[in-house]
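Listed below, chain by chain, are the residues.
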Amino acid sequence: MAPSLWLSRLRSSLRATFVASSRANHSHSNGYRTPPPPPQIAGSLRFKFNFLSEEPFVLWRRVLLPVAVAVSATSLAFQSQANPSLCDDSGQVRFGGKGSTEFVVKGSHREVPQELVDELSAICGENMSLDFDERFFHGKPQNSFHKAVNIPDVVVFPRSEEEVSKIVQSCDKHKIPIVPYGGATSIEGHTLSPDGGVCIDMSLMKRVKALHVEDMDVVVDPGIGWMELNEYLEPYGLFFPLDPGPGATIGGMCSTRCSGSLAVRYGTMRDNVINLKVVLPNGDIVKTASRARKSAAGYDLTRLIIGSEGTLGVITEVTLRLQKLPQYSVVAMCNFPTIKDAADVAIATMLSGIQVSRVELLDEVQIKAINLANGKTLPEVPTLMFEFIGTEAYSQEQTKIVQKIASEHNGSDFVFAEDPETKKELWKIRKEALWACFAMEPNFEAMITDVCVPLSHLAELISRSKKELDASPLVCTVIAHAGDGNFHTVILFDPNQEEQRHEAERLNHFMVHTALAMEGTCTGEHGVGTGKVKYLEKELGIENLRTMKRIKQALDPNNIMNPGKLIPPHVCF
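Residues numbered from 1 in each chain as written. Predicted model: local features only at pLDDT ≥ 70, side-chain atom pairs only at ≥ 80, totals over all residues. Heavy atoms only, no water.

Caption draft 1: Main features of the packing of helix 11 (residues 339–351) against helix 13 (residues 392–407). For the pair helix 11 and helix 13, the least separation of the axes is 9 Å and the interaxial angle reads 140°. With respect to helix 13, the element helix 11 is oriented oblique. Note on packing geometry: the crossing formed by helix 11 with helix 13 is right-handed. Residues Val345, Ala348 and Thr349 of helix 11 pack against Val402, Ile405 and Ala406 of helix 13. In the contact of helix 11 with helix 13, the residues fall into 5 nonpolar, 1 polar and no charged. (Axes fitted to C-alpha atoms, helices over the stretch in contact; angles between N-to-C directions. Helix = DSSP H or I, 4+ residues; strand = E, 2+ residues; numbered from the N terminus. Parallel < 35°, antiparallel > 145°, perpendicular 65-115°, else oblique. Left-handed = near helix turned anticlockwise from the far one by under 90°. Contact = heavy atoms within 4.5 Å. Nonpolar A, V, L, I, M, F, W, Y, C, P; charged D, E, K, R; others polar.)

In structure tokens form, the structure reads like this:
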């Protein structure tokens, strides 16, 4: 009998078994739903096909070997169908696949077995929740329009690395998905639980474990926020220089390889982490490097984990590189007639060799939003903000040089501040720019782009993007880390209105593909999550993605770590 006929008959038989077993176990569909809190979480959904009896080896070889081969092939097919994120080369458009415009992430839910719930309760005690509201809160990103068909079945709050290891080991044993959870400031769906499972909230692990002032480094738990850390470090004359959105935690910042407005001077997260401790998907704990500032010993596991978005393990400790608090600083602002003029000044400033610590660009729409939200009266024109640090004489000299550069590119109203409170207020306005946007459309959501290009292409990219944005019926603002070629567009829209959603996607698509054509990236600092996964093959190439998937499968063969994120669903070997 031909193999294809064997497969056909076996699939028909297994499909009937699957349907009957699914009904018996109350399995769930992939439609958008919010599951009610289970009073008792039932046993896990498992399919056992015991085709082979204890027959002599000869019978196995002559009669049942073809069946075994077919069953193996069918098992692989079922594994792919049960979890599309593992391998989906069906050619159908799925969430995260090439060309996808959906924003509700699909998944395949398996009920968490009571045995696992009992194990987690024994590990975490009262620091575990089956409460619906708690699970719903953890299943919906706080700063993003992204949604998933499911929410976590259980939320745990470990207090130690040992507890994290035991939690992960239990989940791996039962093959139940894990989603690490930090400050929930992600805007690309990183903390969604499309397959349900266990959400590991790291908020109780927020200690400063060791500070080495002379070495200018600090060892911290992953749940501490960067703002809280800097409050702790200030009396020692030190600070951690990365400054993403308020509320971001160090563990999440490592996971997304974030940066912020100071990256132009101090680099991104990958440049400021010395080593990590990570719980791998099997529960093993690995330290990625020593505390030395440089090392050529072995694979760079630190950089492998940074940016892996929780798909390779759970970060439980971070050693960070610190900087001295600046002796003196000056904050300057300058207005421009066009956004291209402002971008040209940012590029010219970087080419001049001046060591600026921040170069931020805001378009006239963003300035209008800031005025509305904060009661300000700033001129509603494209604006550049700078920060210069060093000695008083050096900072003032830098300010004068940039003022001259700005005047050569149609800059006007160049002002600067040296008073600490005035400087803090100016940067506060910038850090809260996203929330200011909602003053213009309070009931809308924000799709935030994150393209980054080589600096020489920034002015062209922003100019071309700005023409599309201004022609759109949606309210769109531009905020750029202009010193390193990274800019964001805040596109305000109603995700429940299909026309608005498609328009927002069209604008995002335009900017991403324009950036990629300029040898740029779809994400400079926000990460991939589910929102940017569809652009990765265009940017990185299929062989790159297959290599990533081989690493993922080697470390996480059961695909429990944040499934459905980072690696596109259509990537197969």
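Caption draft 2: Main features of the sheet that holds strand 5 (residues 178–181). With respect to topology, 4 strands assemble into an open sheet ordered 2-4-6-5, the strand pairing being mixed. In this open sheet, the two strands that pair with only one neighbour each are strand 2 (128–129) and strand 5. As judged from the 4 bridges shared by strand 5 and strand 6 (residues 198–201), these two strands associate in the parallel manner. Across the sheet, the residue bridging to Pro180 is Ile200, located in strand 6. The strands that helix 4 (residues 132–139) touches are strand 2, strand 4 (154–156), strand 5 and strand 6; relative to strand 4, the one it contacts most, it runs at about 80°. Across the sheet, helix 5 (residues 161–174) is in contact with strand 4, strand 5 and strand 6; its angle to strand 6 comes to roughly 170°. (Pairing = 2+ DSSP bridges.)

Caption draft 3: Inspection of the pattern of salt bridges at higher detail. Across all of its chains, the model carries 25 salt bridges by this definition. With its nearest N and O atoms 3.0 Å apart, the salt bridge here joins Arg291 to Asp215. Taken as a pair, Arg291 in the loop between strand 11 (285–287) and helix 10 (301–305) and Asp215 in the loop between strand 7 (208–212) and strand 8 (217–220) lie far apart in primary sequence, 76 residues in all. Residue classification places Asp215 among the partly exposed residues on the basis of a relative accessible area of 40%. (Salt bridge = Lys/Arg side-chain N within 4 Å of Asp/Glu carboxyl O. Buried < 20%, exposed > 50% of the residue type's maximum accessible area, 1.4 Å probe, protein only.)

Caption draft 4: Structural view of the pairing of strand 10 (residues 273–279). Burial of strand 10 is extensive: 6 of the 7 residues sit out of reach of the surface. The pairing of strand 10 with strand 12 (residues 314–321) spans 6 bridges and is antiparallel. Residue Lys277 lies in a different strand from strand 12, and its bridge partner there is Glu317. Across 3 bridges, the pairing between strand 10 and strand 11 is antiparallel. Following the sheet pairing, Val279 is matched in strand 11 by Ile285.

Caption draft 5: Region of interest: the nonpolar core. One finds Leu361, Leu384, Phe386, Phe388, Phe487 and Ile491 to be the most contacted residues of the largest nonpolar core, which totals 56 residues. With residues near it in sequence (within four places) discarded, Phe388 still touches Tyr328, Ser329, Val330, Ala332, Ile354, Val356, Ser357, Ser395, Gln398, Thr399 and Val402. Grouped together as the second largest cluster of nonpolar side chains are 26 residues, Ala248, Met253, Leu276 and Val318 included. (Core = buried A, V, L, I, M, F, W, Y, C linked by side-chain atoms within 4.5 Å.)

Caption draft 6: Inspection of the environment of Pro495 at higher detail. Mapping Pro495 onto the fold places it in the loop between strand 20 (486–493) and helix 17 (498–517). Residue classification places Pro495 among the buried residues on the basis of a relative accessible area of 7%. For the pair Pro495 and Phe103, spaced 392 residues apart in sequence, the C-alpha separation works out to 8.3 Å. Beyond its immediate chain neighbours, meaning those up to four positions away, Pro495 contacts Phe103, Phe145, Glu445 and Arg501.

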